[in-house]
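# Per-entry structural report
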Amino acid sequence: MEKSRSGRLGYPVVPMSQGPTVYLETFGCQMNELDSELVRGQLRSLGYRFVADPARADVVLYNTCSVREQAENKAYSRLGLIGMRKKAGEHVILGVLGCMAERDGADMLRRFPQVDLLCGPGELDRLPALLDNVRRTEGASREERIALAGNKSRRSATLAAAEDQLELLDLSRAFDPAAPGADHRSAYVRITRGCNKFCTYCVVPNTRGAEVHRPPDSIVDECKRLVDAGVVEITLLGQTVNHYRYTHGKAVGVEGVELPQVGPGLSAFRSPIPAGERVTTFAELLRRIHDEVPALRRLRFVTSYPRDFGDDILDVMAASPRICRYIHAPAQSGSDRILKLMNRGYTRGEYLEFIARVTEKLPDCTIAGDIIVGFPTETEADFEETVSLVRAVPFKNNFIFKYSPRPGTTAITRFEDDVPTDVKKLRNNILLDVQSEVSARVHASWVGKTVEVLVESSEDDSEAADADTQTSESKTDASLGAGEHGATRATIALPQFGAQNQPRRSTASGVASGRAPHARCVGRTQGDLIVAIDVTGTPDWAMTLKPGSLISVEIRGSAPLLLRGRPVKTAAAAF
Ligand code: SAM
Ligand code: SF4
């Protein structure tokens, strides 16, 4: 028998030779994508093997999202399918991770007896132990077997930071260049967990707990390690990143190591830092990462809160060429009345003032956002205010969501969901059209410029579909509307160049094999604009572009969702 060993977080390791197979599917936002990456790394280090087909898995895990009903329904239907397999006598362990596990808890177990394990987002460090428990208690009664975690909402507020194993989970990660989607060498780094804003429609403060800020040294170290492992682009993650604030000396563990700490109240952002306090603000954190990790080619961050986004952040961005000129700052509505009911904490005027500061200090910055239509009591006049806001701001894209009443939120208890579904749909479609016009204008303004592009995919076959219908954004209806939040960073399908383009030449593999030549690749600008790159007739180096390459591209055309261009030169040695 293989010797038992201890994993990175001290959990039992299953024998490598017979490690169970795991299928893990992720729903929802970038936070969930990062959580899944951490879970994968953690379980791999313990001997579990990941497979792409749930039918071949001993363990099926769904990392779920509760932000909107649509995402939950998808997860429920997956549970139904596994339930059928189990009923047919198949042996498979089914685990629900993430927000639905946290929120539904015992109710989910009652409704879905096929579920063996629940693990909320604040408990992911315990997943190996929970899985181990399920595996060891096979054959016992259901009550004894269920490994239930979760239901510890807002635990970090009360948990001694020193016990917070979640920090260890983040720190234990290793960038895996072989992981699916890792080839363009982008990675997420969490700076803040949870949220304290309590927007009335949103489940996040309940499912992800109180706002906890990671120590800046841990964040900088993680960035360094990722870059050493080949990462080109890092996206810092937080629900309201600009509210990152770490007061030194307040949460210190053994040997003076700084620990995660609960975030300050909103008032902290409205008054000067008290004398004698040493604080790392978000601006300072950006500056530190930019300066202390010089090999990092791109630094991005999401999501920005339109309130308290100070000039100090814009100044650091302006002075730091490797910080991307991109701000995702959801407005949610253009109506002051609705913003108040949403408890967003800013007015339409303050939002517009913020955007004016951004465009003045960073004229090349692109702006993206989220909008909710059909919030309770939203009138035609409120909606018109939103339409005019979308017209007034140079949004590259907006995720447009139809209001979805969520259990546990203030809005569901306080307001009737009184905007009829067909009105929500109509407003959604009207806004999609308006956003499409705005997006087209924003994209057209880049024609004639030369931009730095990070290549995300390249191909030499003819399977590519039309760019305007097959980019990730439009596939999920997201850039223009109703898709999963965060889908802008999903894999981009390769576009086909139109008939007006030159005959196709090949990428590197096409040249080597002597096949009919054509070449294209797709990447993103610093401002997150998708660029379809035609390398037809370009020098040889352009024919060998790989995902992860940084190149300069001259923009020659545009569409509502993308730019088209030709490579000019390699931007730098990022290969
Ligand atoms: N923290 C970010 C912020 O404050 O802008 C947003 C995070 S939230 C998980 C992502 C987006 O989902 C929100 O910006 C909002 O537009 C949308 N959303 C959240 N709850 C929703 C609900 N109940 N119905 C419809 N859309 C919702
Ligand atoms: Fe939800 Fe508001 Fe927090 Fe964003 S800021 S996660 S919308 S509560």
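What counts, and where the lines are drawn
- Residues numbered from 1 in each chain as written.
- Chains lettered and ligands numbered in written order.
- Predicted model: local features only at pLDDT ≥ 70, side-chain atom pairs only at ≥ 80, totals over all residues.
- Heavy atoms only, no water.
- Helix = DSSP H or I, 4+ residues; strand = E, 2+ residues; numbered from the N terminus.
- Buried < 20%, exposed > 50% of the residue type's maximum accessible area, 1.4 Å probe, protein only.
- Contact = heavy atoms within 4.5 Å.
- Areas by Shrake-Rupley, 256 points an atom, 1.4 Å probe, with all protein chains shown as cover.
- Near = heavy atom within 4 Å.
- Nonpolar A, V, L, I, M, F, W, Y, C, P; charged D, E, K, R; others polar.
- Pairing = 2+ DSSP bridges.
- Axes fitted to C-alpha atoms, helices over the stretch in contact; angles between N-to-C directions.
- pLDDT = per-residue confidence, 0-100.
- Polar contact = N/O pair within 3.5 Å; in protein donor to acceptor, adjacent residues only side chain to side chain.
- Phe/Tyr/Trp six-rings, centres within 6.5 Å; stacked < 30°, edge-to-face > 60°.
- Expected span 1.5 Å × (residues − 1).
- Salt bridge = Lys/Arg side-chain N within 4 Å of Asp/Glu carboxyl O.

## Brief notes about the overall build of the protein
If you tally the helices and strands in the protein, you get 20 helices and 24 strands. Across the 575 residues of the protein, 58% fall into the buried class. Excluding contacts between residues fewer than 6 apart, the proportion of contacts in the protein whose partners are at least 24 apart in sequence is 76%. When the accessible surface of the protein is totalled, it reaches about 22600 Å², and 53% of it is carbon and sulfur.

## Re the site of ligand 2
Every residue near ligand 2 is listed here: Cys-195, Lys-197, Phe-198, Cys-199, Tyr-201, Cys-202, Val-204, Pro-205, Gln-239, Thr-240 and Arg-344. Residue composition of the shell around ligand 2, by class: 7 nonpolar, 2 polar and 2 charged.

## A look at the sheet that holds strand E16 (residues 366–373)
As summarised here, the arrangement of the 3 strands in space is E15-E16-E17, forming an open sheet in which the pairing is parallel. The sheet terminates laterally at strand E15 (326–328) and strand E17 (395–402), the two strands that pair on one side only. The mean inter-strand angle of the sheet, taken between neighbouring strand axes irrespective of direction, is 15°. When E15 meets E16, the two strands line up parallel, connected through 3 bridges. Considered in E16, the bridge of Ile-327 is made with Ile-367. Here helix H13 (residues 348–361) sits on the sheet and contacts E15, E16 and E17; the angle it forms with E16, its principal contact strand, is near 165°.

## Considering the confidence of the model for the protein
For the protein, per-residue confidence averages 82 on the pLDDT scale, and 77% of positions sit at 70 or higher. In the model, residues 150–163 has pLDDT below 50 throughout and makes 30 contacts with residues more than four positions away in sequence or in other chains.

## Section: the site of ligand 1
Inspection of the region around ligand 1 gives 17 residues, with Arg-68, Gln-239, Gln-332, Asp-370 and Ser-404 positioned closest. In this structure, Arg-68 approaches ligand 1 through a side-chain N or O atom, which is 2.9 Å from an oxygen atom. One of the backbone N or O atoms of Ser-404 is found 2.7 Å from a nitrogen atom in ligand 1. Protein coverage of the free-state accessible area of ligand 1, which is 560 Å², stands at 96%. Those elements that provide at least two residues to the shell around ligand 1 are E16 and E17. Partitioned by chemical class, the residues of the shell around ligand 1 number 7 nonpolar, 5 polar and 5 charged.

## Observations regarding the packing of aromatic side chains
Scanning the model with the defined rule gives 13 aromatic pairs in all. Between Tyr-76 and Phe-112, the aromatic rings sit 5.3 Å apart at their centres with planes inclined by 10°, giving stacked as the arrangement. Of this pair, Tyr-76 sits in helix H2 (residues 69–87) while Phe-112 sits in the loop between helix H4 (106–111) and strand E5 (117–119); the two residues are 36 residues apart in sequence, bridging distant segments of the chain. The residues Tyr-76 and Phe-112 share a single accessibility class, namely buried. A centroid spacing of 5.1 Å and a plane angle of 85° characterise the contact between Phe-282 and Phe-301, whose relative ring orientation is edge-to-face. Of this pair, Phe-282 sits in helix H10 (residues 282–292) while Phe-301 sits in strand E14 (residues 298–302); the two residues are 19 residues apart in sequence, bridging distant segments of the chain. Its relative accessible area of 2% is what places Phe-282 among the buried residues.

## Quick notes on helix H1 (residues 30–45)
With 16 residues, H1 extends 23 Å from end C-alpha to end C-alpha; this agrees with the ideal 22 Å at 1.5 Å per step. Within the span of H1, buried status applies to Gln-30, Met-31, Asn-32, Leu-34, Asp-35, Ser-36, Leu-38, Val-39, Gln-42 and Leu-43. Note on H1: the residue one or two positions beyond its end, Gly-47, has a positive phi of about 105°.

## A look at the sheet that holds strand E7 (residues 186–190)
Overall, parallel pairing links the 3 strands, which are arranged E7-E10-E14 in an open sheet. Bordering the open sheet on either side are E7 and E14, each of which pairs with just one other strand. Taking the axes of each pair of neighbouring strands and ignoring which way they run, one obtains an average angle of 25° across the sheet. Both strand E10 (residues 233–237) and E14 contribute to a ladder of 5 bridges, which runs parallel. Opposite Leu-236, over in E14, you have Phe-301 as the bridge partner. Relative to the sheet, H1 contacts E7, E10 and E14, its axis offset from that of E7 by approximately 95°.

## Some points on the pattern of salt bridges
The full count for this structure, using the stated rule, is 38 salt bridges. The shortest N-O distance in the salt bridge between Arg-85 and Glu-90 comes to 2.9 Å. For Arg-287, the salt bridge goes to Asp-291, with nearest N and O atoms at 3.0 Å. Taken as a pair, Arg-287 and Asp-291 lie in helix H10 at a separation of 4 residues, close to a single helical turn. Take Arg-287: its relative accessible area is 31%, and that puts it in the partly exposed class.

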